[in-house]
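# Fold and contact review
One-letter residues, chain by chain:
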Amino acid sequence: MNETTTSETQTGRRIASSKPADTVDRSLERRAALRDRHSQGLTRLMEQRTDLRGVHALADFVDDSVRWTA
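Remember, it's a predicted structure, so these values are computed and weren't measured experimentally.

## Observations regarding helix α2 (residues 57-69)
In an α-helix there are 3.6 residues to a turn, and that puts residues three or four apart on one side. Helix length check: α2 (13 residues) gives 18 Å between terminal C-alpha atoms against 18 Å at 1.5 Å per residue, within 8%. The set of residues buried in α2 consists of Ala-59, Asp-60 and Asp-63. In a view along the axis of α2, the buried residues occupy a sector of 100 degrees, so they form one face of it. Residues of α2 that are exposed and angled more than 90 degrees away from the buried face: Ala-57, Leu-58, Phe-61, Trp-68 and Thr-69.

Written out as structure tokens, the structure reads:
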């Protein structure tokens, strides 16, 4: 029979335990990119359509926040 050594088992565990962390990192990166795209799109829309100001408080807040950090 072919038995695994302790170092092989530990290496396999290390690889297996790093996979969820990689998945979480990628998920966080995608979420941050999506948030940035939505913020940019909202800011662009608010520039083009000034009549939308005051319609939705959260949209106004995000637009103001982006402008203050620019």
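## Considerations on the environment of His-56
Tracing the sequence through the fold places His-56 in the loop between α1 (6-48) and α2. Residue class for His-56 comes out partly exposed when judged on its relative accessible area of 47%.

## Comments concerning the side chain of Asp-63
Relative to the helices and strands, Asp-63 is located in helix α2. Beyond its immediate chain neighbours, meaning those up to four positions away, Asp-63 contacts Leu-42, Thr-43, Met-46 and Arg-53.

## A closer look at the pattern of salt bridges
As enumerated under the stated definition, the model contains 5 salt bridges in all. A salt bridge links Arg-53 to Asp-63, with the nearest nitrogen and oxygen atoms 2.6 Å apart. Linking Arg-53 in the loop between α1 and α2 with Asp-63 in helix α2, this pair joins segments that are 10 residues apart in sequence. The class for Asp-63 is buried, based on a relative accessible area of 0%. One salt bridge in this structure joins Asp-63 and Arg-67, with 3.1 Å as the shortest N-O distance. With Asp-63 and Arg-67 both in helix α2, this residue pair falls 4 residues apart, about one helical turn.

What counts, and where the lines are drawn
Residues numbered from 1 in each chain as written. Predicted model: local features only at pLDDT ≥ 70, side-chain atom pairs only at ≥ 80, totals over all residues. Heavy atoms only, no water. Helix = DSSP H or I, 4+ residues; strand = E, 2+ residues; numbered from the N terminus. Expected span 1.5 Å × (residues − 1). Buried < 20%, exposed > 50% of the residue type's maximum accessible area, 1.4 Å probe, protein only. Arc of directions from axis to C-beta. Contact = heavy atoms within 4.5 Å. Salt bridge = Lys/Arg side-chain N within 4 Å of Asp/Glu carboxyl O.

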